[in-house]
Amino acid sequence: MTVWRPPAQFNRVQVSRDLLQDTLDHLDDGLNCEAIAYWAGTEDGEDLRVARVVRPIAYRGRRLVIVPVEEVSRVVNECMSFGDFLVAQLHTHPADEDHSKVDDCGTVSKREGFVSLVLPFYARSFTVETPSWFGYQLLNGVWVNFDIERIRVTA
Ligand SMILES: [Zn+2]
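Residues numbered from 1 in each chain as written. Predicted model: local features only at pLDDT ≥ 70, side-chain atom pairs only at ≥ 80, totals over all residues.

Draft legend 1. Structural view of the overall build of the protein. The helix and strand tally for the protein stands at three helices and ten strands. Starting at the N terminus and ending at the C terminus, the protein contains elements arranged as β-α-β-β-β-β-α-β-α-β-β-β-β. Taking 15 Å as the expected radius of gyration for a compact globule of 155 residues, we find that the protein reaches 14 Å, a close match to that expectation. Along the longest, intermediate and shortest principal axes, the C-alpha atoms of the protein span 40 × 35 × 30 Å. Here the protein holds 155 residues, and the buried ones make up 31% of them. Contacts in the protein between residues at least 24 apart in sequence constitute 67% of all its contacts with a sequence separation of at least 6. (Helix = DSSP H or I, 4+ residues; strand = E, 2+ residues; numbered from the N terminus. Rg over C-alpha atoms; globule rule 2.2 N^0.38 Å. Buried ≥ 20, exposed ≤ 12 C-beta atoms within 10 Å, placed from the backbone. Contact = placed C-beta atoms within 7 Å.)

Dropping the structure here:
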């Protein structure tokens, strides 16, 4: 088995329009509950390229979303079988608030360079043409702002 090492350093995250739409269709399901998805992908030169959208089983509430540990294991094993890795976590919030303490603790990956994206208002104001999100990245063990311009939506 190949042991892949996801890079902590990369330039951009490339995601196709179709995969972004798939992500949005999953996250914005019309319920007044937070929702969550992951992006799995691989390295592409200096960038990371999203290859598929992961829709984990999750406990959902008006202002929480929790992926059970067994489901996290399943997702990680699935990545190993696909030969990719988790690039980012995406989840919705009811309003336009900051990354919460729970988010810091509950993010699926503690890997250096991992990206966590938040889509406010249950992603209802989000379209592929006019994305509305903000992001964080784990650097040196601390969540710092992630420049959303580093996400490139491709054709
Ligand atoms: Zn949150």
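That shown, we press on.
Draft legend 2. Looking closely at unusual backbone geometry. One non-glycine residue with positive phi stands out, namely F121, at about 55°. Mapping F121 onto the fold places it in the loop between strand 7 (115-119) and strand 8 (134-139). The class of F121 is partly exposed, set by 14 C-beta atoms lying within 10 Å. Within the chain, A123 stands out as a residue other than glycine whose phi angle is a positive 65°. Residue position: A123 is located in the loop between strand 7 and strand 8.

Draft legend 3. Layout of the sheet that holds strand 2 (residues 36-44). With mixed pairing, eight strands are arranged side by side in an open sheet as 9-8-7-6-2-3-1-10. Both edges of this open sheet fall to strand 9 (142-146) and strand 10 (151-154), since each of them pairs with a single strand only. Averaged over all pairs of adjacent strands, the angle between strand axes in this sheet comes to 30°, irrespective of strand direction. In this sheet, strand 7 lies alongside strand 6 (residues 85-92) in parallel orientation, the contact comprising five bridges. Paired with H91 across the bridge in strand 7 is V118. (Pairing = 2+ DSSP bridges. Axes fitted to C-alpha atoms, helices over the stretch in contact; angles between N-to-C directions.)

Draft legend 4. Quick look at the nonpolar core. Grouped together as the largest cluster of nonpolar side chains are 34 residues, with contacts concentrated most on V13, Y38, W39, V87, A88 and L90. Put simply, the parts of the chain that give this core at least two residues each are strand 1 (13-16), helix 1 (17-27), strand 2, strand 3 (47-54), strand 6, strand 7 and strand 8. Each residue touching Y38, except ones within four places of it in the same chain, is listed here: V54, P56, V75, L86, A88, Q89 and V108. (Core = buried A, V, L, I, M, F, W, Y, C linked by C-beta atoms within 7 Å.)

Draft legend 5. Summary view of the environment of D29. Looking at where D29 falls in the secondary structure, it is placed in the loop between helix 1 and strand 2. When the C-alpha positions of D29 and A123 are compared, they lie 9.1 Å apart, and in sequence the two are 94 residues distant.

Draft legend 6. Region of interest: helix 1. Considered for burial, the residues of helix 1 that qualify are L20, T23 and L27. Buried positions in helix 1, seen along its axis, are confined to an arc of 60° and lie on one side of it. Opposite the buried face of helix 1, by more than 90 degrees, sit the exposed residues R17 and D18. Against the buried residues of helix 1 lie strand 1, strand 2, strand 3, strand 6, strand 7 and strand 10. (Arc of directions from axis to C-beta.)

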